[in-house]
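# Summary of structural features
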Amino acid sequence: MEAVARLVRDEGVRVLATLIRVTGNVDLAEDATQDAVVRALETWPRDGVPDNPRGWLLVTAKRRAIDVIRREARRAGKEAAAMDWTSEPEDERPDLLRLVFTCCHPALSLDAQVALALRTLGGLATAEVARGLLVPEATMAKRLTRAKQKIQRAAIPYRVPDADELPDRLAGVAATVYLIFNEGYSAGGGADLVRVELTVEAIRLARLLAELMPDEPTVLGLLALLLLQNARRDARVGPSGEVVLLADQDRSRWDARAIKEGVELVGAALRRTPDRPNSYVVQAAIAACHALAPTNWDTIVSWYDVLLSVHDTPVVRLNRAAAVSERDGPAAGLSIVDSIGDLQAYPWWHATRAELLCRLGRDVEARAAYEEALRLDLNEPQAAHLRRRLADLSP
């Protein structure tokens, strides 16, 4: 039953993309696809999976859409278009690409992009999206409705961007998927360090992008980065849900298969970016260095230097400072951390300072830094970890 549900979910996304193109109505397409999915889950386990699952779903969803259109006389013009569909699905790749770029259109707010991507591309129910993003279901329903209405009112084109638009638009798509992953990998609040459902959906979306754009370095780098980071998931959490730092993790619990795939993707992406580094590819290369033993901090610092040449942000500089502290000692790292501006509202800037001050024996300053970090937004396992570090300091 689980395998059937997974198949239905994967094929349903492709059917939804085609229905949106043909009907021009996201709500109608979603309702028709959902009806087909429910029917499949009712009949396939009993009667067996059809030889052409996608074709079965498309025909069933098409019939549902036609029924709805027939009941609405004002949609008579679209009825004819729907009646012209054949029972065999067309190549769904262009439709999926159109759906990806529509969900992540810059006219939509980032919150709306993330929610719409999870709802349509991830196939999650509204309640699941709401739980994943830690908002009430009613709020999420309104957010999704507003996003769909904006697509209709603003006549956001359901198309793949032209070649000159693609780099900027692809960056937005990749950022949306990475944001979903990050919210799952290190939850912004709540009782859990990791929200697995979000990391799983982000990786699924990244795989979809890689399937649709197999030669695009941004996509290959994004998928590699997500796989390599997520490979450590089980080892990041202790038996009581506590944080386990990278240096203390049991590497035997890392997902060796995901690491192998991620490293291979890094190699493929690097071969496609010989002249100008790609930020996702470089971040994936750094993650690959962490996945390989022994950790070579000199190489990691060098990769951070490359990353800064194309993606110079305060957080990247903070991460580089942490790597420098491992290579050159806490004083060198602290000097860099203290030179970084614009991160006073970021808890990990304070926590990094606290850790380096602690290593230098400057406990009074470390205590103040830990306390400052604890005043900012953290999930409960992260806050508990910092409280334990604070308690370990001498009075």
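Everything in this summary refers to the structure shown in the same document.

The rules behind the values
Think of each chain on its own: its residues are numbered from 1, step by step along the sequence as written. Restriction of local features to residues with pLDDT of at least 70 applies here, the model being predicted, together with a cutoff of 80 or more for giving and counting side-chain atom pairs; totals for whole chains, interfaces and linings are based on all residues. Note that water and hydrogens are dropped before the side-chain values are worked out from all heavy atoms of the structure. Runs of E in the DSSP output that reach at least two residues are strands. Runs of H or I that reach at least four are helices, and both are numbered from the N terminus. To get the radius of gyration, use the C-alpha atoms; to get the globule rule, take the number of residues to the power 0.38 and multiply by 2.2 Å. Under the scheme applied here, a residue whose accessible area is under 20% of the maximum for its type counts as buried, over 50% as exposed, and between as partly exposed, the area being computed with a 1.4 Å probe on protein chains only. Two residues form a contact once any of their heavy atoms are found within 4.5 Å. We get accessible surface area from the Shrake-Rupley algorithm with a probe of 1.4 Å; when it comes to residues, only the shown protein chains can shield them. The positive count covers Lys and Arg only, the negative count covers Asp and Glu only, and His and the chain ends enter neither. To locate a charge, take NZ of a lysine, CZ of an arginine, CG of an aspartate or CD of a glutamate. Put simply, a salt bridge is a Lys or Arg side-chain nitrogen that is within 4 Å of an Asp or Glu carboxyl oxygen.

### Section: the overall build of the chain
Helix and strand content of the chain: 19 helices and zero strands. Against the globule reference of 21 Å for 395 residues, the chain gives a C-alpha radius of gyration of 24 Å, in line with a compact fold. With the C-alpha coordinates of the chain rotated into their principal frame, the extents come out at 75 × 45 × 40 Å. Evaluated residue by residue, the chain yields a buried proportion of 49% over its 395 residues. Nonlocal contacts in the chain, meaning residues at least 24 apart in sequence, comprise 63% of its contacts between residues at least 6 apart. Split by element, the accessible area of the chain, about 18800 Å² in all, is 51% carbon and sulfur. Distance from the positive charge centre (51 side chains) to the negative charge centre (56 side chains) of the chain: 3 Å.

### A look at unusual backbone geometry
With glycine set apart, most residues show a phi of negative sign, and most peptide bonds adopt trans. A cis amide bond, omega -5°, links A293 with the succeeding residue P294. Position of P294 among the secondary structure elements: in the loop between helix 13 (279-291) and helix 14 (297-310). Phi at A155 takes a positive value of approximately 50°, unusual for a residue other than glycine. Here A155 lies in the loop between helix 8 (137-153) and helix 9 (166-185). For D342, which is not glycine, the phi torsion reads 70° and is therefore positive. Relative to the elements of secondary structure, D342 occurs in the loop between helix 16 (330-339) and helix 17 (347-359).

### Some remarks on the pattern of salt bridges
Counted by the stated rule, this structure contains 30 salt bridges. Close ionic contact of D95 with R21 constitutes a salt bridge, the shortest N to O distance being 2.5 Å. Taken together, the positions of D95 in helix 5 (residues 93-103) and R21 in helix 1 (residues 2-23) put the pair 74 residues apart, joining distant regions of the chain. On the basis of relative accessible area, D95 is assigned to the buried category, the value being 2%. Classification of R21 by relative accessible area gives partly exposed; the value is 31%. Between E380 and R387 there is a salt bridge, with its nearest N and O atoms 2.4 Å apart. Using a relative accessible area of 38% as the deciding quantity, one classes E380 as partly exposed. Because the salt bridges share partners, they merge into one network encompassing E326, E355, R359, R389 and D392.

Purely geometric stuff here, so don't read any function into it on its own.
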